[in-house]
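Commentary on secondary and tertiary structure
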Amino acid sequence: MTVDAADLKSVHLITLGCARNDVDSEELAGRLEAGGFRLVDDPADADTVMVNTCGFIEAAKKDSVDTLLAAADLKQEGRARAVVAVGCLAERYGNELAESLPEADAVLSFDDYADVADRLQSILAGERRQPHVPRDRRTLLPLSPIDRAAAATGTATPGHAMAAAAAVASPPTTVLDLPEGMAPASGPRVTRRRLSGGPSAPLKLASGCDRRCSFCAIPTFRGAYLSRPPADIVAEAEWLAMHGVREAFLVSENSSSYGKDLGDIRLLEKLLGQLEGTGALDWIRVSYLQPAEMRPGLVETMTQLDHVVPYFDLSFQHASKAVLRRMRRFGDPDSFLGLIESIRRLSPRAGIRSNVICGFPGETAEDVQTLAGFLSEAGLDAIGVFGYSDEDGTEAAGLGGKLAGEEIEERRSHLADLADELVTQRAEERIGEQVTILIEQ
């Protein structure tokens, strides 16, 4: 049976947060379209407004709640019949979010993603879904990384969806043609629909994290580290290239751990070579690398392959050894500067960015000076400076030595001003240099 597109129920997706959420939204879009929904660009034209929320830090939580409330206002004013929360905030707080935000018609878990079209159909039919009770998603997979691949089949992991080719032969009867996001017609197909037409797109390497940074709650709601099979990543990269993408931005919570659960801690180096070998992409960029997990072979691969951008997104977080230990991280100024020197020795113009946190419990004025001194020596190309804030369920929230909010903001402002000056100096060093750029719009 063929159905006119205008007769399909419409959905508008709003995505907040990081590039990993962008991938998850495009998976949701692919599943919704395959399940008989029509994606629309204007929320005023939608039967449902679905908000893919961020739950990382307080400011992101507030932005997510504000967006859901704004969507609820649209529901009062126009044709929208439902407002649905998905994503990290929804997963992290579940029934608590539903109780505190009755304006949302449903709060869905990651476990609902595989059947999201059916869930949405039932919500539009007036069914009130019982919101989930949050759980520590690290417990859903074995403690041993090497045992996870076999156990992951029945575990919902956003951004990892690949469907068997056999399903293409019998698409849902409510879909006009094969959804754009579900091609090709042979081999594993990508469960994804592009929501923007830009030449750069995120491509998920893995989900979850096994690190136990004392300030971070992400592993509890994103789960244990799980790598995607290389063949799936390569297939999706080729699919993105077919849809006009020239740069794939490889994303995960911790890209330097890629492959450890597949039995090969050096699998990222091999994957980058495979992606280069397809000839499908002009640029391949890697995000979020842990300094403590960097290895010479990975630095060499990222600086020597023609289509891999020499871009190092290194999560330093601080430079004081004492603060890093309280963060349950590793490193010090000498080891970090040594890593940067090893990169710049192979690629003098490699781009290096990082984020740092100031005001962590127990941080002293001397620790701040250590961090400032490291930043002054490092020659980073981009620096994000954040003030510490307690996060629910984290070890750091229970630590002593908390600093007053005013003191944290003073330190953050001082380091942010220093970072701006240092980044400007780094940019000025490149005046007159000829570079290749990607025009995004």
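The rules behind each value
- Every residue gets a number counted from 1 within its own chain, in the order that chain's sequence is written.
- Given that this is a predicted model, residues contribute local features only at a pLDDT of at least 70 and side-chain atom pairs are listed and counted only at 80 or more, while totals for whole chains, interfaces and linings are drawn from all residues.
- To get the side-chain values, take all heavy atoms of the structure and skip hydrogens and water.
- The numbering of helices and of strands both runs from the N terminus, where a helix is a DSSP run of H or I of at least 4 residues and a strand a run of E of at least 2.
- Exposure is judged per residue with a 1.4 Å probe applied to protein chains only, and the accessible area is read against the type maximum: over 50% gives exposed, under 20% gives buried, and values in between give partly exposed.
- Shrake-Rupley sampling with a 1.4 Å probe provides the accessible areas, and residues are treated as covered by the protein chains on show and by no other component.
- A residue counts as positive if it is Lys or Arg and as negative if it is Asp or Glu; His and the chain ends are not included.
- Each charge is placed at NZ for Lys, CZ for Arg, CG for Asp and CD for Glu.
- Note on terminology: a nonpolar core comprises buried Ala, Val, Leu, Ile, Met, Phe, Trp, Tyr and Cys residues joined through side-chain atoms within 4.5 Å.
- Between two residues, a contact is recorded if the distance between any of their heavy atoms is within 4.5 Å.
- Exposure above 30% relative accessible area and the absence of a salt bridge qualify a residue for a patch, where like charges join within 9 Å and nonpolar side chains (Val, Leu, Ile, Met, Phe, Trp, Tyr) within 5 Å.
- Salt bridge, as applied in this entry: a Lys or Arg side-chain nitrogen positioned within 4 Å of an Asp or Glu carboxyl oxygen.
- In this analysis, strands are considered paired if DSSP registers two or more bridges between them.
- Angles shown run from 0 to 180 degrees and are taken between the N-to-C directions of axes, each axis being a line fitted to C-alpha atoms and, for helices, limited to the stretch in contact.
- Here a pair means two rings of Phe, Tyr or Trp (six-membered ring of Trp) with centres within 6.5 Å. Their orientation is stacked below 30 degrees between planes, edge-to-face above 60, and tilted elsewhere.
- Values of pLDDT, ranging from 0 to 100, describe the predictor's confidence in every residue of the model.
- A clockwise path from the first strand over the helix to the second, with the strands pointing away from the viewer, defines a right-handed crossover.
- Oblique is the label for any angle not under 35 degrees, not over 145, and not in the 65 to 115 range, which are roughly parallel, roughly antiparallel and roughly perpendicular in turn.
- With the far helix as reference, a near helix turned anticlockwise by less than a right angle produces a left-handed crossing, and one turned clockwise produces a right-handed crossing.
- Following the grouping adopted for this structure description, the nonpolar residues are Ala, Val, Leu, Ile, Met, Phe, Trp, Tyr, Cys and Pro, the charged ones are Asp, Glu, Lys and Arg, and the polar ones are all others, Gly among them.

It is worth spelling out the overall build of the chain at this point. For the chain, the count of helices and strands is 13 helices and 15 strands. Each of the three principal axes of the chain carries a C-alpha extent, and together these read 65 × 50 × 45 Å. Relative to its 441 residues, the chain shows a buried fraction of 51%. Counting every atom, the chain has about 19,100 Å² of accessible surface; 51% of that belongs to carbon and sulfur. Treating the 46 positive side-chain charges of the chain as one cloud and the 68 negative ones as another, the clouds have centres 4 Å apart.

This part covers the nonpolar core. Ranked by internal contacts, the top residues of the largest apolar core, which has 65 residues, are L250, L272, F312 and L314. It is helix 12 (residues 365-378) that provides the largest number of residues to this core, a total of six residues. What L272 contacts, discounting residues up to four positions off in sequence, is L250, I284, V286, L298, T301, M302, L305 and V308. In this structure, V11, F110, A117 and F221 belong to the second largest nonpolar core, which totals 24 residues.

The subject of this paragraph is a nonpolar patch on the surface. A cluster of nonpolar side chains, V435, I437 and I439, forms an exposed patch at the surface whose accessible area comes to about 330 Å². For V435, the position within the fold is in the segment after helix 13 (405-428). With a relative accessible area of 48%, V435 lands in the partly exposed category.

Overall, parallel pairing links the three strands, which are arranged 13-14-15 in an open sheet. Two strands in the sheet have a free side with no partner beyond their single neighbour: strand 13 (311-313) and strand 15 (382-387). Pairs of neighbouring strands in the sheet enclose a mean axial angle of 10 degrees, with direction left out of account. Note that strand 13 and strand 14 (residues 351-358) share three bridges and pair parallel. Residue pairing for strand 14: D313 is matched across the bridge by R353.

So, on to the environment of G78. For G78, the location among the structural elements is in the loop between helix 2 (58-77) and strand 4 (82-86). Look at G78 and you get partly exposed, because its relative accessible area is 45%. In the structure, G78 is positioned 227 residues away from L305 in sequence and 52 Å away in space, judged by C-alpha atoms.

Of the residues making up helix 9 (residues 296-304), those classed as buried are L298, V299, T301, M302 and T303. Each element contacted by the buried residues of helix 9 is listed here: helix 8 (267-278), strand 12 (283-286), strand 13 and helix 11 (333-346).

Applying the stated criterion across every chain yields a total of five aromatic pairs. Measuring from ring centre to ring centre gives 5.3 Å for F360 and Y388, while their planes differ by 75 degrees; the resulting arrangement is edge-to-face. With F360 in the loop between strand 14 and helix 12 and Y388 in the loop between strand 15 and helix 13, this residue pair connects regions lying 28 residues apart in the sequence. Residue F360 shares its accessibility class with Y388, and that shared class is buried.

Here the focus is unusual backbone geometry. Of note, Y288 is a non-glycine position whose phi angle comes to about 50 degrees, a positive value. In this model, R328 sits at a positive phi of 60 degrees, which is unusual for a non-glycine residue. Here R328 lies in the loop between helix 10 (321-326) and helix 11. A relative accessible area of 48% places R328 in the partly exposed class.

This next bit is on the confidence of the model for the chain. Reading fine detail from the predicted coordinates is not recommended where pLDDT is low. Looking at the chain as a whole, the pLDDT averages 91, with 93% of positions reaching at least 70. Throughout residues 165-185 the model reports pLDDT below 50, and contacts reaching past four residues in sequence, or to other chains, amount to 45 contacts.

Pairing is possible between side chains that carry opposite charge, provided their charged atoms lie close to one another. According to the stated counting rule, one finds 42 salt bridges in the structure shown. E247 serves as the salt-bridge partner of R285, at 2.7 Å between the closest nitrogen and oxygen. With R285 in strand 12 and E247 in strand 11 (residues 247-251), the pair connects residues that are 38 residues apart, well separated along the chain. Summarising the burial analysis for this pair, R285 and E247 share the class buried. The network of salt bridges with common partners includes D112, D115, R119, E127 and R129.

Strand 4 sits mainly inside the fold: five of its five residues count as buried. Here strand 4 shows two buried faces, one formed by A82, V84 and V86 and the other by V83 and A85. The pairing of strand 3 (residues 48-53) with strand 4 spans five bridges and is parallel. Residue pairing across strands places T48 opposite A82, the latter belonging to strand 4. Following the backbone out of strand 3, through helix 2 and into the adjacent parallel strand 4, one traces a crossover that is right-handed. One crossover worth recording links strand 4 to the parallel strand 5 (residues 106-107) by way of helix 3 (residues 87-100), and it is right-handed.

Here we come to the environment of A46. Inspection of the secondary structure assignment puts A46 in the loop between strand 2 (37-39) and strand 3. Expressed as a C-alpha distance, the spacing of A46 and L74, which sit 28 residues apart in the sequence, is 9.7 Å. If we ignore the near neighbours within four places in the chain, the residues touching A46 are S10, V11, H12, V40, R79 and A80.

Another point: the packing of helix 1 (residues 19-34) against helix 4 (residues 116-124). Their axes nearest at 8 Å, the elements helix 1 and helix 4 cross at an angle of 65 degrees. Regarding the angle of helix 1 to helix 4, the classification is roughly perpendicular. Helix-helix and strand crossings are classified by hand; for helix 1 and helix 4 the assignment is right-handed. Along its contact with helix 1, which presents L28, R31 and L32, the element helix 4 presents V116, A117 and L120. Residue composition of the contact of helix 1 with helix 4, by class: five nonpolar, no polar and one charged.

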